[in-house]
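Okay, here's what each chain looks like letter by letter:
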Amino acid sequence: SQYSAVDTNPLSVYIMQPIWNKIIKIVPLWIAPNLLTFSGFVMILVNYFLISFYDWDYTASGTSPGLVPTWVWLFSAFTTFCAYALDSIDGKHARRTQSSTPLGELFDHGLDSWATSIFVLSFFSVCSRDNGKTGVSVYTMYIYLSIVLFNFMCSHWEKYNTGVLFLPWGYDISQVVLIAAYLLTGTVGVEVWQKPFLFGYYITDVLVILLIGFSLFLSFPQTLYNIHRAHLKKTLKNDSLYEGLLPLVSPLLLFVLLTIWVVLSPGNILAKQPRLFLWMVGVTFSNVICKVIICQMSSTRPELFHWFLFPLALVVYAAISGLLGWMEEVVLAVFTALVTAAHVHYGVCVGRQLSEHLNIYIFSLKKRVQE
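Computed from a predicted model, the values in this text were never measured in an experiment. (Residues numbered from 1 in each chain as written. Predicted model: local features only at pLDDT ≥ 70, side-chain atom pairs only at ≥ 80, totals over all residues. Heavy atoms only, no water.)

### Re a nonpolar patch on the surface
And then number 1: Taken together, the side chains of Tyr242, Leu253, Leu304, Phe305, Trp307 and Phe310 present a nonpolar region at the surface, about 600 Å² in accessible area.
And then number 2: If you trace the backbone, phenylalanine 310 turns up in helix H12 (residues 309–320).
And then number 3: Take phenylalanine 310: its relative accessible area is 51%, and that puts it in the exposed class. (Patch = residues over 30% accessible without salt bridge, like charges linked within 9 Å, V, L, I, M, F, W, Y side chains within 5 Å. Areas by Shrake-Rupley, 256 points an atom, 1.4 Å probe, with all protein chains shown as cover. Salt bridge = Lys/Arg side-chain N within 4 Å of Asp/Glu carboxyl O. Helix = DSSP H or I, 4+ residues; strand = E, 2+ residues; numbered from the N terminus. Buried < 20%, exposed > 50% of the residue type's maximum accessible area, 1.4 Å probe, protein only.)

See the structure below:
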């Protein structure tokens, strides 16, 4: 299927695109576009693990400002900008080197589906978790992450139904806000997040309100409108309502199961291990969405229940029924390690299969020699 995307965001069209068009000229023509995509993702990961090292339980900024060195915040601003730039120029570079392929599209969106949660988890270290005075509660973090992932899911569900990816306005805005937030934290210190900003509201409150406002009143209605318009024009990919809604079943069940665990956990798992739990949420979500992206690209029908849901349901049942007892955190750690490994394995396998099928290398522009 021919890749088509529509970007109407003024920030992107008038400010960012001209910058990317200048940056792209520096990239040597022998570099494979997937290498750009992957480098950006690796930078996001390095940044995440660096912040995790200094602030494992999200308390550093709130309880002891200065625990995370200033250079880490400035490095975060740098890596976030680089990742944003690389993610924005990989497609342009593919067109420039005449190497646009379905593999590249899948590689880009698949890594984006994972990076989305990692951006959010890194940002939580800036605002820190609730310590009675300032900060964000771990439940707010969970809701915040869920809303961001819901937005990501919507744009791909929309593409599954319309065949066109309408790039969400939130993407460019969120990247610029993230970079600004890191720069602000690096130059002024984390204290800036702990003083009221406007009418007794903190900057974090303003960002949460903006995020929820953007999602529920801009992105989601826009998605429904685009699908409705395609329906009127008779350009919908799926005739039946059942097929149109099918990709939403697994992500919604995933959210329901995770929320049950958060709310009913006897050991209050989210408060005990916020970083592990939220990482697990991001990984499971990414794998579910990757399958939707592949179905949308190959015009196949997604399965009703993603296989992750079955082990997850077992773990959640064992946890909330008290069967796990003190082992709840251990089981979460093991489950998180397993789904992360399964997700990486899945990505490697799909990449290999596609590179063989399309007769191309993933990280090189050289053509494979036909056997």
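Back to the text.
### Here's the deal with helix H5 (residues 102–127)
Along an α-helix, a turn takes 3.6 residues, which lines up residues three or four apart on a common side.
And then number 1: When the terminal C-alpha atoms of H5 are compared, their 38 Å separation across 26 residues agrees well with the 38 Å that a helix rising 1.5 Å per residue should span.
And then number 2: At tryptophan 114, H5 shows its largest kink, close to 30°.
And then number 3: Taking burial as the measure, the 26 residues of H5 include 25 buried ones, the bulk of the element.
And then number 4: Just beyond H5, the residue with positive phi is serine 128, at close to 60°. (Expected span 1.5 Å × (residues − 1). Bend = angle between axes of the 7 residues up to and from the residue.)

### Regarding the pattern of salt bridges
And then number 1: Per the counting criterion, the structure on display carries three salt bridges.
And then number 2: In this structure, the salt-bridge partner of glutamate 105 is lysine 159, at a minimum N-O distance of 2.8 Å. Of this pair, glutamate 105 sits in helix H5 while lysine 159 sits in helix H6 (residues 138–162), and the two are 54 residues apart along the sequence. Comparing glutamate 105 with lysine 159 shows no difference in burial state: the two are buried.
And then number 3: With a closest N to O distance of 2.5 Å, arginine 301 and glutamate 243 form a salt bridge. Pair noted here: arginine 301 is in the loop between helix H11 (274–298) and H12 and glutamate 243 is in helix H9 (residues 241–264), with a separation of 58 residues, a long-range link.

### Here's the deal with the nonpolar core
And then number 1: Ranked by size, the top nonpolar core spans 99 residues in total, and within it Phe123, Phe124, Trp261 and Phe277 carry the most contacts.
And then number 2: Take this core: its biggest share by element is 14 residues, from H5.
And then number 3: Other than its neighbours up to four places away in sequence, phenylalanine 277 contacts Tyr142, Leu258, Trp261, Val262, Ile269, Leu270 and Leu332. (Core = buried A, V, L, I, M, F, W, Y, C linked by side-chain atoms within 4.5 Å. Contact = heavy atoms within 4.5 Å.)

### Some words on the UniProt feature "transmembrane region" (unreviewed entry) in the protein
And then number 1: In the numbering used here, UniProt assigns the feature "transmembrane region" (unreviewed entry) to residues 26–50, 70–86, 136–154, 197–220, 241–264, 276–294, 306–324 and 330–348.
And then number 2: End C-alpha atoms of residues 241–264 are separated by 34 Å, and the span's content is 100% helix alongside 0% strand.
And then number 3: Between the C-alpha atoms that bound residues 276–294 the distance is 27 Å, and the span itself is 100% helix and 0% strand. (UniProt positions renumbered as here; feature names shortened; annotations may be inferred.)

### Overview of H11
And then number 1: Taking 1.5 Å of rise per residue, 25 residues should cover 36 Å, and H11 covers 36 Å from first to last C-alpha, within 8% of that figure.
And then number 2: By the criterion of burial, H11 is predominantly enclosed, with 23 of the 25 residues buried.
And then number 3: In the segment just after H11, serine 299 is the residue with positive phi, at about 50°.

### As for the environment of isoleucine 44
And then number 1: Mapped onto the secondary structure, isoleucine 44 falls in helix H2 (residues 33–54).
And then number 2: What makes isoleucine 44 buried here is its relative accessible area of 8%.
And then number 3: The spacing of isoleucine 44 and alanine 83 is 39 residues in sequence and 6.7 Å in space, taken between C-alpha atoms.
And then number 4: Residue contacts for isoleucine 44: discarding those within four places in its chain leaves Ala83, Ala115, Ile118 and Phe119.

### Remarks on the packing of H6 against helix H8 (residues 203–232)
And then number 1: Relative to each other, H6 and H8 sit at 15°, their axes nearing to 10 Å. Relative to H8, the element H6 is oriented roughly parallel. Taken as a pair, H6 and H8 cross one another with a handedness that is left-handed. Note on element contacts: H8 touches H6 through Leu207, Val208, Leu211, Ile212, Ser215, Ser219, Phe220, Thr223, Leu224, Asn226, Ile227 and Ala230, opposite Tyr144, Ile147, Val148, Phe150, Asn151, Cys154, Trp157, Glu158, Asn161 and Thr162.
And then number 2: Residues belonging to the contact of H6 with H8 are distributed by class as follows: 14 nonpolar, seven polar and one charged. (Axes fitted to C-alpha atoms, helices over the stretch in contact; angles between N-to-C directions. Parallel < 35°, antiparallel > 145°, perpendicular 65-115°, else oblique. Left-handed = near helix turned anticlockwise from the far one by under 90°. Nonpolar A, V, L, I, M, F, W, Y, C, P; charged D, E, K, R; others polar.)

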